[in-house]
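Here is how the chains run, residue by residue.
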Amino acid sequence: VIGRMIRIPITQMTESARLIAKGNMQSVVRSNTKDEIGTLANYMADVTDAFSLLISKINESCDKLKAGELEVDIDLDLFQGDYRHAAESVNTMLNLLINNTFKAMNCAVEYANGNFNEDIERFNGKQAILHETFDTLQSNLKSVNTEIQALIENAKIGNLDFRIDADKYQNDWQKIAIGLNDLLK
């Protein structure tokens, strides 16, 4: 009888732990007994509850970000210990991505307003593609601006033979250069 009283809850907790390890957080065993097995079952349930809450809050932050919200931080007061550290790490990751997006947007606004000298922050690792792309954009804007200014200055002094080197550019940049050159024909 005692063996059965121990074996059944341990078998239930073992099965519950196996399912939880596979990601099924609904497989929680709670106990009303005050013995060691009941206490262990309840602590396992508490662990599952804390982890489920963390997963829920991460998913909630992701859903907010997908919906266009920028205030997506997880409330750290809901967690303790390593759960809190994990929530802090998620917040840090999300805030870095959001802040880097704002840095890129601010640089794009400067370019749109004609400030081609605005440099974007250097990013690490694979995020470097962000500043590399803006560096290329900046270089093209400066180059076209320099060519247009040279065209204007030459026209002012009567040199209408000066042309922009349209072969240096591609796509719409090239069309702009060709169009400006055609104006002087």
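First, a word on scope: everything that follows refers to the structure included in this document. This one's a predicted model, so the numbers in the text were calculated from it and none came from an experiment.

## Examining the overall build of the protein
Helix and strand counts for the protein stand at five helices and zero strands. Going from N to C terminus, the protein has its helices and strands arranged as α-α-α-α-α. In terms of overall size, the protein is more extended than a compact globule, its C-alpha atoms giving a radius of gyration of 31 Å where 185 residues would be expected to give roughly 16 Å. For the protein, the spread of C-alpha atoms along the three principal axes comes to 110 × 30 × 25 Å. Taking all 185 residues of the protein together, 24% fall into the buried category. Counting contacts in the protein only where the partners sit at least 6 residues apart, residues at least 24 apart contribute 37% of the total. When the accessible area of the protein is evaluated, it comes to approximately 12,900 Å², of which 56% is carbon and sulfur surface. One way to put it: in the protein the 19 positive side-chain charges average out to a point 7 Å from where the 27 negative ones average out.

## As for the side chain of S16
Along the chain, S16 turns up in helix 1 (residues 2–21). In this structure, S16 is in contact with S27, V28 and V29, ignoring residues within four places of it in sequence.

## Considerations on the pattern of salt bridges
According to the stated counting rule, one finds 13 salt bridges in the structure shown. A salt bridge links E60 to K64, with the shortest nitrogen-to-oxygen separation between them at 3.8 Å. Placement of both E60 and K64 in helix 2 (residues 36–66) is noted, with a separation of four residues, approximately one turn of the helix. According to the relative accessible area criterion, K64 is partly exposed, its value standing at 24%. Between K103 and E121 there is a salt bridge, and its shortest N-O distance comes to 2.7 Å. Of this pair, K103 sits in helix 3 (residues 81–112) while E121 is found in the loop between helix 3 and helix 4 (128–156), placing the two residues 18 residues apart along the sequence. According to the relative accessible area criterion, K103 is partly exposed, its value standing at 32%. Taken together, the shared-partner salt bridges in this structure form one network comprising R30, D46 and D49.

## Observations regarding unusual backbone geometry
When glycine is set aside, most residues are seen to have a negative phi, and most peptide bonds are trans. Phi is positive for N171, close to 55 degrees, though the residue is something other than glycine. Looking at the secondary structure, you find N171 in helix 5 (residues 171–183).

## Side note on the side chain of Q138
Its location among the elements puts Q138 in helix 4. Engagement of the side chain of Q138 in a polar contact is seen with the backbone oxygen of F116, the distance being 2.9 Å.

## Considerations on the packing of helix 3 against helix 4
Packed helix pairs are characterised by how far apart their axes lie and by the angle those axes make with each other. Interaxial distance between helix 3 and helix 4 falls to 11 Å at its minimum, and their mutual angle equals 0 degrees. If you check the angle between helix 3 and helix 4, you find them roughly parallel. The segment helix 3 lies against helix 4, with N100, A104, C107, A108 and Y111 engaging L130, F134, L137, Q138 and L141. For the contact of helix 3 with helix 4, a count of residues per class yields eight nonpolar, two polar and no charged.

Rules of the game
Residues numbered from 1 in each chain as written. Predicted model: local features only at pLDDT ≥ 70, side-chain atom pairs only at ≥ 80, totals over all residues. Heavy atoms only, no water. Helix = DSSP H or I, 4+ residues; strand = E, 2+ residues; numbered from the N terminus. Rg over C-alpha atoms; globule rule 2.2 N^0.38 Å. Buried < 20%, exposed > 50% of the residue type's maximum accessible area, 1.4 Å probe, protein only. Contact = heavy atoms within 4.5 Å. Areas by Shrake-Rupley, 256 points an atom, 1.4 Å probe, with all protein chains shown as cover. Lys, Arg positive; Asp, Glu negative; His and termini not counted. Charge placed at Lys NZ, Arg CZ, Asp CG, Glu CD. Salt bridge = Lys/Arg side-chain N within 4 Å of Asp/Glu carboxyl O. Polar contact = N/O pair within 3.5 Å; in protein donor to acceptor, adjacent residues only side chain to side chain. Axes fitted to C-alpha atoms, helices over the stretch in contact; angles between N-to-C directions. Parallel < 35°, antiparallel > 145°, perpendicular 65-115°, else oblique. Nonpolar A, V, L, I, M, F, W, Y, C, P; charged D, E, K, R; others polar.

It is worth stressing that arrangement in space is one thing and function is another; only the former is reported here.
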